[in-house]
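What follows is the residue order along each chain.
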2 protein chains.
Amino acid sequence: MDQLKPTQPNSIPLTPLTLLERAAVAYAESPSLVYKATTFTWADTNRRCLRLASSIATLGISRGDVVSIVAPNVPAAYELHFAAPMAGAVLNNINTRLDPRTISVLLRHSESKLVFVYYQLQSVVLEAISLLPADHPRPILVLITDNEYDYDHITTNDDESLNAKLVDICNPSEEFMTTYEDMVKNGDPDFKWVQPQSEWDPLVLNYTSGTTSSPKGVVHSHRGCFITTMDALTDWSVPKQPVYLWTLPMFHANGWGFTWGMAAVGGTNICLKKFDGATIHAAIRAHQVTHMCAAPIVLNMITTLTSDPGPLSWPVHVLTGGSPPPAPILLRAESLGFIVGHGYGLTEAGGVIVSCAWKSHWNRLSALERARLKARQGVRTIGLTNLDVINPYTGQPVKRDGKTVGEIVFRGGTIMLGYLKDPEGTSKCMRNDGWFRTGDLGVMHKDGYLEIKDRSKDIIISGGENISSVEVENVLYSLAAVNEAAVVAKPDEYWGETPCAFVSLRKGMKEKVTERDVIEYCRAKMPHYMVPKRVIFKEELPKTSTGKFQKYLLRKMAKALDKDDQNVVTATSLASRL
Amino acid sequence: MDQLKPTQPNSIPLTPLTLLERAAVAYAESPSLVYKATTFTWADTNRRCLRLASSIATLGISRGDVVSIVAPNVPAAYELHFAAPMAGAVLNNINTRLDPRTISVLLRHSESKLVFVYYQLQSVVLEAISLLPADHPRPILVLITDNEYDYDHITTNDDESLNAKLVDICNPSEEFMTTYEDMVKNGDPDFKWVQPQSEWDPLVLNYTSGTTSSPKGVVHSHRGCFITTMDALTDWSVPKQPVYLWTLPMFHANGWGFTWGMAAVGGTNICLKKFDGATIHAAIRAHQVTHMCAAPIVLNMITTLTSDPGPLSWPVHVLTGGSPPPAPILLRAESLGFIVGHGYGLTEAGGVIVSCAWKSHWNRLSALERARLKARQGVRTIGLTNLDVINPYTGQPVKRDGKTVGEIVFRGGTIMLGYLKDPEGTSKCMRNDGWFRTGDLGVMHKDGYLEIKDRSKDIIISGGENISSVEVENVLYSLAAVNEAAVVAKPDEYWGETPCAFVSLRKGMKEKVTERDVIEYCRAKMPHYMVPKRVIFKEELPKTSTGKFQKYLLRKMAKALDKDDQNVVTATSLASRL
C-alpha cells in the first residue's frame, strides 16, 4: 500500500494541557478544587491558569525555561501543572522535605528562572538561594500565601468586590517579587497559551527522591505525560467526576499523572496541606471522596486509627504504590470499605506502569490468598508496550517460574525523555536494545504476573545469597504486634552483609515483645539465612516525604551498632545458617 | 533546557495490537468472545490470532499488503482486527450490504491480496471477483464457515480431541484455498508477530459507506488507532471486564475502536450474526450485557418492541452515534433502563470524537429539557486536541450563539492518515492551517457545546435558505404515530429544493394519520419554509448496513414523484412561505 505521511491535522503534538480548556467547557460549573473554605469550578481553574500563565510570561519566562515550586498540595501546586507549561516553561516541582543544601543543588542544576515558594518554606528556600555560587543567576522568587483560602470563595472573574478579598495577609519580604495570588489577579484571562512545537518538548522536570545518592533530573515530554494521563485513568477505571483526595504529594511524579487526569474526567481535587489518619477520614466523609492515591505508609495511617472511624458507607478506591502493601494492612483496609489497587512505578516511567489486574474468579479464594495475589505487582498497564524480567548480563528473559530473579525492564510511551545534563546516566538505563533498565529486581510468575523482589538498592547480599528485604518485611508485618518494619543490610565480616530489622510496635506492645521473640518468629517462617540477625525497636521509623522508609539512614544506624554485639550476632547467624 | 531526543525505550510505536498479548496475561481465563454455543477466553483468542497470523504470513502476505474480510459480526471479524495486522497486513473490513459491483471496485482499488468471505456471502464476493478486470491479479479467497460454533467450546490448545471438533461442515468450493478455521488450526501459536516499523504505518483501510457517491478508502495508522482505543474507553468510562454486545457492525470504523478496546479492558464480546429488537433484549438478559454501541435505528428497535420486555434489572450503557437520537426515543430508552450516551464521529476521525459530556446539575431539569440537551453532540473527547465551527470561506470561528451555522472542523491524534490513492481528496479535508474539514454543518452553543445542524450532504437548500433535515426529522419524531422519519431534498422548479418527508408509522396507525395531518402538525411547530411539502408513507425506510437511512434512494424517490403532483405542491409551498 502507498505510504501516507502524517499531516498537520493528525500530527498535532499530544499534550495534557488541552485537557484544561476542555474541562472548562465540559465541566464549567462543576467543582475543580476544594481547599480550606474555598471551592473553585473548572471555569475558574481555567481562567486562573490562563491569568497565571500570562503573568509568568510577563516575567520574561519563555519556552524551555525551568519554573520551580516548593509547596505542599495547595492550589498553586495543582494549577502550576497547567499554568507553568502554558507559559512555555518546564515545571519543576520540588520535594518539600529537602534540606536547603539539596534544594540549592537542584536549583543550580536545573537553572531554574522562577521559584514559587510556599510561605512556610520561605526560610528553607532563601537559605538554598544563599548557598548558590556567587556567579549563578538568582531566580525570581514568588511567595505563595495561604490565608486567602479561608474565605468562602475566591473567584477570578471580573467582579472587583470579590477580587478585593484577595488581600495579601502575608506580606512578602523584599526577596520576593510578588505573590502568587497577585500574579493570578493581574494576569490576562484571554492569554494565548504557548503550544509545544513538538510533542517531544519537555513538560516537567522531576528530581528523583533522596533515597538514592545523587538526585537525578527526570525529564518528561508532553507526549509522555499525555499517554501517562490516559493510561492512569484507564488502568484505574476512573469514572467521570470522581472526588479525588490528594495525600500523594503532587511533586511525586506529578501525582502519578492524576494532576492532569482530574481535568480529563472533571474530577474534584480535594487538597490537604498536611494530614494524619483522622484528617483523612474526616476529609473522606466531608467531601464524599471516591478516589485517592496513597503511599503504603498512608494506607497504614488510615487503617490504624486510635479511635475506630467505622466502616465507609460508599466505596473509596485507593491506589497504592512504592513497596508492596503487607497483607495484614490490605485486609484491614478492605474491612473498612476501601477498595485497594496496587501499582508499581518509577519517576522515570511517568507513574504507575504495572498494576495488579484483578481476576473476578480470585474473589472465591481465601482472604489471605487474595492478599498474597494482590501483593504481586501484576501486569503492565495498557500505556506500556512491553514488560519483562531479564538476566542483566545476557539480556535474555528469565524463566517464568516465580523464582528466578532478574532485572525488571520495560518500554513504552510513558517513559521519560532522559536525565537532564546526564547523558551517561541516561544511556545507562535507556538501552539501544529498546529496554528501559529499572535496576529493580523481580520474578515473573508462570501466569505472567510480575512480582518485585527488591528495589536494587535494597537488596541484601549475604554469603552470596540475595536476600529480598521486602520478603523479610512481609513476614515481620504478619506479626500482630508490628506497626512498621524495614529491613536493611548490616555489614558483617563473615557474611558480607546480614539482614537487620528496624521495627516500631503497636501501642501497648512494647513491654510484651522482645528481639528474641521476633527472631524466633522469623525462623519459623523463612530460610534461616534470611532471618534478621538483629531487630532494633524504634518509636517511629524515618521516612522520606513520599512515605518511603529512609533506608540509607537505617543502614547508617545498622552500621553503627557496636562491634561486640555484631560478633555475637555473627556467631548466631553462622549457627542458624548451618 | 537542553533538548533531549526520543530514544528506543520511549519511542516504540504506539499500536493497539499489544493489547491482545496483555489481555492473554491479565484476563487469561476470562471470556473474550461468545458466539452461538462457543465461548473463548482471552488466552484462546490470543493463541487463535497468533495461529491465524502465522497462516496469513504463510500465504505470502507481508508488510503493507491489504487483507479484506466480508462478514457479519462473527468471531473471524473480531479476530482479524488483531491477526491480519499481526501478519503485517492492513485490514480492510468490507460492508456486507454492498453489491458485487461495489465490492469489486473496492477490491480493485485496495489491491487486496487475500479475502476472507463469510459462507453466506460467497456468491456476492465470487461475482465481485468475476467483475475484476482480466489483468487484475486474483486475491486468495478463504471461506469463513459457521457450524463449528454450534459446539459447546472450541479450543485451540494442543488437545487434539478438541481440535478434532473443528471439522469443516461446509466444504469450500474450488475457488477457496482453505477455510478460516483450518488456518487457525494449522497456524503456529508461537508466531513472532510483525511489529510496525513506525507508529504511522497503516493498520486499517475503511471505505466510507455508500451514502456518498464514490467510496473513499480511509487509512488509519497504528498510532491513530491506539489513541482512538484509549479515547473511546476513557470517554465512555468503560470499566474493566464489561460485557459488550455487538450490534454495531465491526466494519463500521472498526466498531468505533471497541474491537481493540475490549482487549484493553478484558471485556466479553457478545457476537450476533443478525438481530432484531427481541434478539437484542434476549442477548442482553442471557449474557448480562453491560455495554453496547447502537445506531439510532437500533435504539429505535430496542425501544419499540411489540411485546414489552419489561425494565432491565441492571444498567445497560448504550452509546449511539450517527444522527442525533430524537428526544422521544431517548426518553423511551431511559424508561427501560438504558443509559444512553450520544456521540458524533466520522470514519475519518477513527470513531466518536465529540460526545455529550453530561453535567450532574442537568439531572434536575425536566425530562424533555434533558433530552434536548442530550441531543446536542457536545464536547470533544480527550483524544481530540481541538474542535471548532468555522466559516468555511474565512476560516474564522463562528459566533458561539447556538445559531450561526458553520463547518465543523477538528484536529487531533485520532484522525486518519488520509484517503488511499487520493491525494486531492486528502488535501481537500486535511488542511495546511491544521484543521480537518468535515463538510458537516453545525453551531457552537454559548456553553461551548457543539450541535450538528446537518451532515453537509443532507442539507436542503430552499429559496436560498438552508434547511436542516435533522431539525425537521426531530419534529416528525415528536408525533406519537411516527415510527421512522427521514427528510430529503426534492427538486423544485421554483424553490430549487423543498423538503420531502418519508415516514413509517407505528402499527395500527396507518388508517388514522394522513399526509395533511402531518403537514399541519409541522406547520404548528416550525417556520413554514421548513415544513415538508410532501409526506410519503412507507412500510419501512431503506437503510444502510450501519442503520443510516439511504437518503440517496429517498432522494431518487422524491425526484420521481409525478410532475403534476409537484406543481400542486409547489403552489402550496409558495402559499405557506408568504
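Residues numbered from 1 in each chain as written. Chains lettered and ligands numbered in written order. Predicted model: local features only at pLDDT ≥ 70, side-chain atom pairs only at ≥ 80, totals over all residues. Heavy atoms only, no water.

In the annotation of an unreviewed UniProt entry, chain A is listed under the name 2-methylpropanoate--CoA ligase CCL4 and assigned to Spinacia oleracea. Taken directly from UniProt, the Sequence similarities (unreviewed entry) text for chain A runs: "Belongs to the ATP-dependent AMP-binding enzyme family." (UniProt positions renumbered as here; feature names shortened; annotations may be inferred.)

Enquirer: Now, about the overall build of chain A: what can you tell me, with residues and values included?
Expert: If you tally the helices and strands in chain A, you get 19 helices and 26 strands. Buried positions account for 63% of the 578 residues belonging to chain A. The long-range share in chain A, meaning contacts at least 24 apart out of those at least 6 apart in sequence, stands at 71%. If you sum the accessible surface of chain A, you get close to 21500 Å²; carbon and sulfur atoms cover 52% of it. (Helix = DSSP H or I, 4+ residues; strand = E, 2+ residues; numbered from the N terminus. Buried < 20%, exposed > 50% of the residue type's maximum accessible area, 1.4 Å probe, protein only. Contact = heavy atoms within 4.5 Å. Areas by Shrake-Rupley, 256 points an atom, 1.4 Å probe, with all protein chains shown as cover.)

Enquirer: Describe the nonpolar core, with residues and values.
Expert: Phe116(A), Phe258(A), Phe116(B) and Phe258(B) are the most contacted members of the largest nonpolar core, which has 205 residues in total. Setting aside residues up to four positions removed in sequence, Phe258(B) forms contacts with Ala232(B), Leu233(B), Trp236(B), Val238(B), Tyr244(B), Trp246(B), Cys293(B) and Leu319(B). (Core = buried A, V, L, I, M, F, W, Y, C linked by side-chain atoms within 4.5 Å.)

Enquirer: Run through the relation of the copies chain B and chain A, naming residues and quoting values.
Expert: When chain B is fitted to chain A, the best match, at an RMSD of 0.1 Å, comes from turning it 180 degrees and sliding it 0.0 Å along the axis. A rotation of that kind, with that shift, is consistent with a two-fold axis. For chain B, the residue whose C-alpha comes nearest the rotation axis is Thr234(B), separated from it by 3.1 Å. Here 100% of the contact residues of chain B are again contact residues in chain A; the copies associate through an equivalent surface. (Least-squares fit on C-alpha atoms with pLDDT ≥ 70 in both.)

Enquirer: Please give an account of the pairing of strand S25 (residues 496-505) of chain A that cites residues and values.
Expert: All names here are of chain A. With respect to burial, S25 is a largely interior element, eight of its 10 residues being buried. Bridge count for strand S24 (residues 482-492) against S25 is 10 bridges, and the pairing is antiparallel. What sits directly across from Val482, in S25, is Leu505. From the end of S24 to the start of S25, which pair antiparallel, there are three residues. Pairing between S25 and strand S26 (residues 534-537): four bridges, direction parallel. Looking across to S26, one finds that Ala501 is bridged to Val535. (Pairing = 2+ DSSP bridges.)

Enquirer: Kindly report on helix H3 (residues 75-86) of chain A, identifying the contributing residues and their values.
Expert: All names here are of chain A. The terminal C-alpha atoms of H3, which comprises 12 residues, lie 17 Å apart, in line with the 16 Å expected from a rise of 1.5 Å per residue. Where H3 is concerned, the buried positions are Pro75, Ala76, Ala77, Tyr78, Glu79, Leu80, His81, Phe82, Ala83, Ala84, Pro85 and Met86. Looking one or two residues past H3, Gly88 carries a phi angle of roughly 95 degrees, positive in sign. (Expected span 1.5 Å × (residues − 1).)

Enquirer: Go over unusual backbone geometry with me, naming the residues and quoting the values.
Expert: Residues and elements named next belong to chain B. Its identity is not glycine, yet Ala253 carries a phi of approximately 50 degrees, on the positive side. The exposure class assigned to Ala253 is buried, which follows from its relative accessible area of 4%. Positive phi, close to 55 degrees, is recorded for Gln288, a residue that is not glycine. As for its placement among the helices and strands, Gln288 is situated in the loop between helix H11 (277-287) and strand S12 (291-294).

Enquirer: Pulling in residues and values, what's your account of the side chain of Arg437(B)?
Expert: Residue and element names in this part refer to chain B. Secondary-structure assignment places Arg437 in strand S20 (residues 436-444). Arg437 sits in the buried class, given a relative accessible area of 10%. Side-chain polar atoms of Arg437 contact the side chain of Glu407, separated by 3.3 Å. (Polar contact = N/O pair within 3.5 Å; in protein donor to acceptor, adjacent residues only side chain to side chain.)

Enquirer: An account of the packing of helix H8 (residues 222-235) of chain B against helix H10 (residues 258-265) of chain B is needed here, citing residue identities and associated values.
Expert: All names here are of chain B. As a packed pair, H8 and H10 sit with axes 9 Å apart at the nearest point and diverge in direction by 65 degrees. Taken together, the axis directions place H8 and H10 in an arrangement best described as roughly perpendicular. Crossing of H8 over H10 shows right-handed handedness. Counted together, Cys225, Thr229, Ala232 and Leu233 of H8 and Phe258, Trp260, Gly261, Ala264 and Val265 of H10 form the full contact between these two elements. Looking at side-chain class alone, the contact of H8 with H10 contains seven nonpolar, two polar and no charged residues. (Axes fitted to C-alpha atoms, helices over the stretch in contact; angles between N-to-C directions. Parallel < 35°, antiparallel > 145°, perpendicular 65-115°, else oblique. Left-handed = near helix turned anticlockwise from the far one by under 90°. Nonpolar A, V, L, I, M, F, W, Y, C, P; charged D, E, K, R; others polar.)

Enquirer: Give me the environment of Lys559(A): which residues, what numbers.
Expert: Residue and element names in this part refer to chain A. Tracing the backbone through its elements, the reader meets Lys559 in helix H18 (residues 551-560). Accessibility expressed as a relative area gives 62% for Lys559, which makes it exposed. C-alpha of Lys559 to C-alpha of Met509: the two residues are 50 residues apart in sequence and 27 Å apart in space.

Enquirer: Tell me about helix H5 (residues 122-130) of chain B, residues and numbers included.
Expert: Residues and elements named next belong to chain B. All of the buried residues in H5 are Gln122, Val125, Ala128 and Ile129. For H5, the arc enclosing every buried residue in end-on projection is 125 degrees, short of the 170-degree limit, so these residues lie on one face. Turned more than 90 degrees away from the buried face of H5 sit Ser123 and Ser130, all of them exposed. Among the structural elements, strand S3 (66-70), helix H4 (100-110), strand S5 (114-118) and strand S6 (140-144) are those in contact with the buried residues of H5. (Arc of directions from axis to C-beta.)

Enquirer: Quick one: what's the story with the interface of chain B and chain A, residue by residue and with numbers?
Expert: In this assembly, 77 residues from chain B lie in contact with 77 residues from chain A. Taking both partners together, chain B and chain A bury about 6200 Å²; carbon and sulfur atoms supply 59% of that area. Per-residue buried area on chain B facing chain A is highest for Met1(B), Pro9(B) and Ile382(B); these three make up 13% of the total on that side. For the pair chain B and chain A, the interface holds six salt bridges. (Buried area = accessible area lost by both parts, 1.4 Å probe. Salt bridge = Lys/Arg side-chain N within 4 Å of Asp/Glu carboxyl O.)

Enquirer: Can you break down the pattern of salt bridges residue by residue, with the values?
Expert: Under the criterion given, the structure shown has 40 salt bridges over all chains. The closest approach of N and O atoms between Arg380(A) and Glu21(B), which form a salt bridge, is 3.7 Å. Taken together, the positions of Arg380(A) in strand S16 (residues 379-380) and Glu21(B) in helix H1 (residues 18-26) put the pair across two chains. According to the relative accessible area criterion, Glu21(B) is partly exposed, its value standing at 27%. Across the salt bridge formed by Asp182(B) and Lys185(B), the nearest N and O atoms sit 3.4 Å from each other. Residue Asp182(B) and its partner Lys185(B) are located together in helix H7 (residues 180-186), separated by three residues, close to a single helical turn.

Enquirer: Describe the sheet that holds strand S2 (residues 38-41) of chain A, and please don't skip the residues or the numbers.
Expert: Residues and elements named next belong to chain A. Pairing is mixed across the open sheet formed by nine strands, whose spatial order is S2-S1-S11-S10-S12-S13-S14-S15-S16. With one partner strand each, in any of the chains shown, S2 and S16 form the two edges of the open sheet. As judged from the five bridges shared by strand S13 (residues 316-320) and strand S14 (residues 338-346), these two strands associate in the parallel manner. When the sheet's bridge partners are listed, Val318 is paired in S14 with Val340.

Enquirer: Tell me what's going on with the state of the cysteines, and back it up with residues and numbers.
Expert: By definition, a disulfide links the sulfur atoms of two cysteine residues through a covalent bond. Throughout the structure, instances matching the rule amount to zero disulfides over all chains. Its sulfur unpaired, Cys225(B) is 16 Å from the next cysteine sulfur, which belongs to Cys293(B). (Disulfide = S-S within 2.5 Å.)

Enquirer: For the side chain of Glu451(B), give the residues involved together with the corresponding values.
Expert: All names here are of chain B. Mapped onto the elements of the fold, Glu451 is located in strand S21 (residues 450-454). Within the structure, the side chain of Glu451 is placed 2.7 Å from the side chain of His445, a separation counted as a polar contact. Setting aside its immediate chain neighbours within four residues, Glu451 contacts Arg376, Gln377, Gly442, Val443 and His445.

Enquirer: Pulling in residues and values, what's your account of the confidence of the model for chain A?
Expert: All names here are of chain A. In the predicted model, chain A carries a mean pLDDT of 87, and 90% of its residues have values of at least 70. Segment residues 154-169 is flagged for pLDDT under 50; beyond a separation of four residues in sequence, or across chains, it makes 30 contacts in the model. pLDDT under 50 marks residues 564-578. Its contacts with residues more than four places away, or in other chains, come to 22 contacts. On the interface metric, ipTM, the complex scores 0.83, and its pTM is 0.83. (pLDDT = per-residue confidence, 0-100.)

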